[in-house]
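Commentary on secondary and tertiary structure
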Amino acid sequence: MGFLKWFLRWSFKKGHHQNIAYDAFKPKLKDYQIPHDKQYLERVRDVFLFCCFTSLRYSDVRNLKRSDIKPDHIEVTTVKTADSLIIELNDHSKAILEKYKDVHFENHMALPVISNQKMNDYLKELGELAEINEPVRETYYKGNERINEVTPKYALLSTHAGRKTFICNALALGIPAPVVMKWTGHSDYKAIKPYIDIADDIRANAMNKFNQL
């Protein structure tokens, strides 16, 4: 989509067309309707999105109890590092909690979290149904042998992508890194540096929009 818009901007500047409606076009990527015979994917989607909007790891959303939920935030002691975190809720995370507030889950869980393996399998299924199938090249080594594999993007979906999505989106929105680190529990700036680099690229591309004025 980015390359297509770049080409249309270039051709507009060259006088090949006068239509700039493309610049306001924003695809609605979350409108996929889950089939009636696959409603189990709805809960998987909701839990995954909750991770995308809170930065929680799978282990922490699995451990989230109703007693951890406050009116405007959640209080979490992380399973991996035993950090005590306060994570403010936004409209999206609140809506997901509201959806399940009257549904009973075992061990007083706040959300319908299944096993990590099953959730990863269902995320891949959901991604394939939603046609998130852009080819992605993976490079890795077996001993001294370099191996390149091209995989559809949905096959790479896992629960950890939710946390990564939160960090990338928060930084791209201009939220300062120290604030993001308070939510995620990162204490080492080096660990979050790759995400900052991605956000810098997004902001640089956004600045180019001024060139269209």
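Let me begin by describing the structure that accompanies this report. (Residues numbered from 1 in each chain as written. Predicted model: local features only at pLDDT ≥ 70, side-chain atom pairs only at ≥ 80, totals over all residues. Heavy atoms only, no water.)

Scanning the chain for helices and strands turns up eight helices and four strands. From first element to last, N terminus to C terminus, the chain shows the α and β order α-α-α-β-β-α-α-β-β-α-α-α. In terms of overall dimensions, the chain has C-alpha extents of about 65 × 45 × 35 Å along its principal axes. Counting contacts in the chain only where the partners sit at least 6 residues apart, residues at least 24 apart contribute 53% of the total. Summing over all exposed atoms, the chain offers an accessible surface of approximately 14,200 Å²; the carbon and sulfur share of this is 55%. (Helix = DSSP H or I, 4+ residues; strand = E, 2+ residues; numbered from the N terminus. Contact = heavy atoms within 4.5 Å. Areas by Shrake-Rupley, 256 points an atom, 1.4 Å probe, with all protein chains shown as cover.)

As a further point, take the packing of aromatic side chains. The full count for this structure, using the stated rule, is four aromatic pairs. Their ring planes at 50 degrees and their centres at 6.1 Å tell us that Tyr100 and Phe105 sit as a pair that is tilted. Phe105 carries the same exposure label as Tyr100, and that label is buried. (Phe/Tyr/Trp six-rings, centres within 6.5 Å; stacked < 30°, edge-to-face > 60°. Buried < 20%, exposed > 50% of the residue type's maximum accessible area, 1.4 Å probe, protein only.)

Right, let's get into the pairing of strand β3 (residues 135-142). Burial within β3 is sparse, with just zero of its eight residues counted as buried. Bridge count between β3 and strand β4 (residues 145-152): eight bridges; the pairing is antiparallel. From the neighbouring strand, Tyr140 faces β4, where its bridge partner is Ile147. (Pairing = 2+ DSSP bridges.)

In this structure, Phe50, Val61, Ile74, Leu111 and Leu171 are the most contacted members of the largest nonpolar core, which totals 44 residues. Of the residues forming this core, the biggest block, seven residues, is contributed by helix α2 (residues 40-54). Once you skip the residues sitting within four places of it in the chain, Val61 turns out to touch Val47, Phe50, Cys51, Leu56, Leu111 and Val113. (Core = buried A, V, L, I, M, F, W, Y, C linked by side-chain atoms within 4.5 Å.)

Right, let's talk about the packing of helix α6 (residues 160-172) against helix α7 (residues 177-184) for a bit. Two numbers describe how α6 lies on α7: the axes approach to 10 Å, and their chain directions differ by 155 degrees. By the angle class used here, α6 and α7 are roughly antiparallel. The two elements α6 and α7 cross, and the hand of that crossing is right-handed. Between α6 and α7, the residues in contact are Arg163, Phe166, Ile167, Ala170 and Leu171 and Ala177, Val180, Trp183 and Thr184, respectively. Here the residues of the contact of α6 with α7 are counted per class, giving seven nonpolar, one polar and one charged. (Axes fitted to C-alpha atoms, helices over the stretch in contact; angles between N-to-C directions. Parallel < 35°, antiparallel > 145°, perpendicular 65-115°, else oblique. Left-handed = near helix turned anticlockwise from the far one by under 90°. Nonpolar A, V, L, I, M, F, W, Y, C, P; charged D, E, K, R; others polar.)

Before going further, it helps to spend a moment on unusual backbone geometry. Most of the time, phi is negative for any residue but glycine, and the peptide bond is trans. Of note, Ala82 is a non-glycine position whose phi angle comes to about 60 degrees, a positive value. Mapped onto the fold, Ala82 is located in the loop between β1 (73-77) and β2 (84-88). Positive phi, normally seen in glycine, also occurs at Asn107, with a value near 60 degrees. Topologically, Asn107 is positioned in the loop between α4 (91-99) and α5 (116-129).

Let's shift gears to a nonpolar patch on the surface. On the surface, Met1, Leu4, Trp6, Phe7, Trp10 and Phe25 cluster together into a nonpolar patch covering about 670 Å² of accessible area. Relative to the helices and strands, Trp10 is located in helix α1 (residues 2-13). Overall, Trp10 belongs to the partly exposed group, its relative accessible area being 38%. (Patch = residues over 30% accessible without salt bridge, like charges linked within 9 Å, V, L, I, M, F, W, Y side chains within 5 Å. Salt bridge = Lys/Arg side-chain N within 4 Å of Asp/Glu carboxyl O.)

Let us look at the environment of Asn120. Checked against the element boundaries, Asn120 lands in helix α5. Between the C-alpha atom of Asn120 and that of Pro194, which follows or precedes it by 74 residues, the distance is 24 Å. Once you skip the residues sitting within four places of it in the chain, Asn120 turns out to touch Leu157, Ser158 and Thr159.

The next subject is the pattern of salt bridges. Evaluation of the coordinates by the stated rule reveals ten salt bridges. Residue Arg45 is joined to Glu42 by a salt bridge in which the shortest nitrogen-to-oxygen separation is 3.8 Å. Taken together, the residues span about one helical turn, with Arg45 and Glu42 both in helix α2 at a distance of three residues. Lys153 is paired through a salt bridge with Glu134; the nearest N and O atoms lie 3.3 Å apart. Pair noted here: Lys153 is in the loop between β4 and α6 and Glu134 is in the loop between α5 and β3, with a separation of 19 residues, a long-range link. Note on Glu134: relative accessible area 47%, which makes it partly exposed. Members of the salt-bridge network, linked through shared partners, are Glu42, Arg45, Asp46 and Lys99.

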